[in-house]
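Remarks on the overall topology
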Amino acid sequence: MKRIFTGLTDKGQVRSANQDAFYYDDPEGRFFVVADGMGGHAGGEQASQLATAKIKDYLLAHWDSDKPSDSLLKAALLNANQAILEDQRKHPERSDMGTTAVVLLFRAEQKGGEEEPWVAHIGDSRLYRLRGHHLTQETEDHTWVAKGMASGMLTPEQARAHPWRHVLSQCLGREDTEESDIDVDSLDLKEGDRLLLCSDGLTEELPDGEILNTLKSIRACNFAAEQLIAIANEKGGRDNITVIIIALEAS
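How each quantity is defined
- Residues numbered from 1 in each chain as written.
- Predicted model: local features only at pLDDT ≥ 70, side-chain atom pairs only at ≥ 80, totals over all residues.
- Heavy atoms only, no water.
- Phe/Tyr/Trp six-rings, centres within 6.5 Å; stacked < 30°, edge-to-face > 60°.
- Helix = DSSP H or I, 4+ residues; strand = E, 2+ residues; numbered from the N terminus.
- Buried < 20%, exposed > 50% of the residue type's maximum accessible area, 1.4 Å probe, protein only.
- Lys NZ or Arg CZ within 6 Å of the ring centre and 35° of its normal.
- Arc of directions from axis to C-beta.
- Contact = heavy atoms within 4.5 Å.
- Salt bridge = Lys/Arg side-chain N within 4 Å of Asp/Glu carboxyl O.
- Axes fitted to C-alpha atoms, helices over the stretch in contact; angles between N-to-C directions.
- Parallel < 35°, antiparallel > 145°, perpendicular 65-115°, else oblique.
- Left-handed = near helix turned anticlockwise from the far one by under 90°.
- Nonpolar A, V, L, I, M, F, W, Y, C, P; charged D, E, K, R; others polar.

The name given to the protein chain in an unreviewed UniProt entry is Protein phosphatase 2C domain-containing protein, and the organism recorded there is Roseofilum casamattae BLCC-M143.

Taken as a whole, this structure holds four aromatic pairs when the rule is applied. Ring geometry for Y23 versus F31: centroids 5.3 Å apart, planes at 25°, classification stacked. Ring plane angle 35° and centroid distance 6.0 Å describe the contact between F31 and W63, whose orientation is recorded as tilted. Taken together, the positions of F31 in strand β3 (residues 31-38) and W63 in the loop between α1 (40-62) and α2 (69-90) put the pair 32 residues apart, joining distant regions of the chain. Considered together, F31 and W63 belong to a single accessibility category, that of buried residues. Its guanidinium or amino end placed over the ring of W63, R30 lies 4.9 Å from that ring's centre, counting from NZ or CZ. Over the ring of W63 we find R107; its NZ or CZ atom is 5.9 Å from the centre of that ring.

For helix α6 (residues 208-217), the full list of buried residues reads I211, L212, T214 and L215. Angularly, the buried residues of α6 cover 170° about the axis, an arc narrow enough to put them on a single face. Where α6 is buried, its residues meet β7 (126-131), β8 (134-137), β10 (194-198), α5 (200-203), α7 (221-234) and β11 (241-249).

Below, the discussion takes up the pattern of salt bridges. Inspection of every chain in the model, using the stated rule, returns 13 salt bridges. Linking D87 and R94 is a salt bridge whose minimum nitrogen-to-oxygen distance equals 2.8 Å. On the basis of relative accessible area, R94 is assigned to the buried category, the value being 14%. In this structure, E138 and R129 form a salt bridge, with 3.8 Å as the shortest nitrogen-oxygen distance. Judged by its relative accessible area of 13%, R129 is buried. Through salt bridges with shared partners, a single network forms among R129, R131, E138, D188 and D193.

Before going further, it helps to examine the packing of α1 against α2. In the contact formed by α1 and α2, the axes pass within 8 Å of each other and the chain directions differ by 140°. Here α1 lies oblique to α2, going by the angle between them. As α1 packs across α2, the resulting crossing turns out to be right-handed. Contact residues: α1 offers Q46, A47, L50, A51, K54, I55, Y58, L59 and H62, while α2 offers L72, L73, A75, A76, L77, N79, A80, A83, I84 and D87. Here the contact of α1 with α2 is composed, by residue class, of 14 nonpolar, three polar and two charged.

Rendered as structure tokens:
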């Protein structure tokens, strides 16, 4: 399948700086990254940019290794975690910085083999799949409210308005972050699917139904990305907003 893709980020209407970072520039569209930093303007921006760069560099350096794709992804995110920790030690003023990360990867396990899609994530940046008229969230947020919903303590409506909805249970930039904190899954994809990676600046403003309608009604990836960010800004733009859209088409 051929991949058509684009990415766009915006600081929103409230924040004075953009603490999101993303990567979608691989010429072959082999992998995509969205990271949402935290820890003050300088800290959050540094954490997300550092994570994105380290994940990209690790994947490129080990792309042809014998590592299975799930192990490769976990190693890339753990490498980013170590880089953030090292930066924290050198710059105590950024000691509380951290970042989410969601990574979409298309890779053949063996040279000459068929590419397989994988997703890895930590935190609450998300991957969605649009297939026909159905939008599926392919990642599960690592937040207190997501755990509350999973246990039945909170309804989706309560979760959307909960004051603790932004409290992460896992992220990069913590000494206790380990392999088990990073979720990695293979994906079921087929021709015609579209994929959306995004920071919570989008999902905080747009419910899934509005994301679905926008992606369905605007087929061009670049125009859909622009419209999603425009709607999020119209609704308040309370956080930085980052989106990457990938369309899977016939080769």
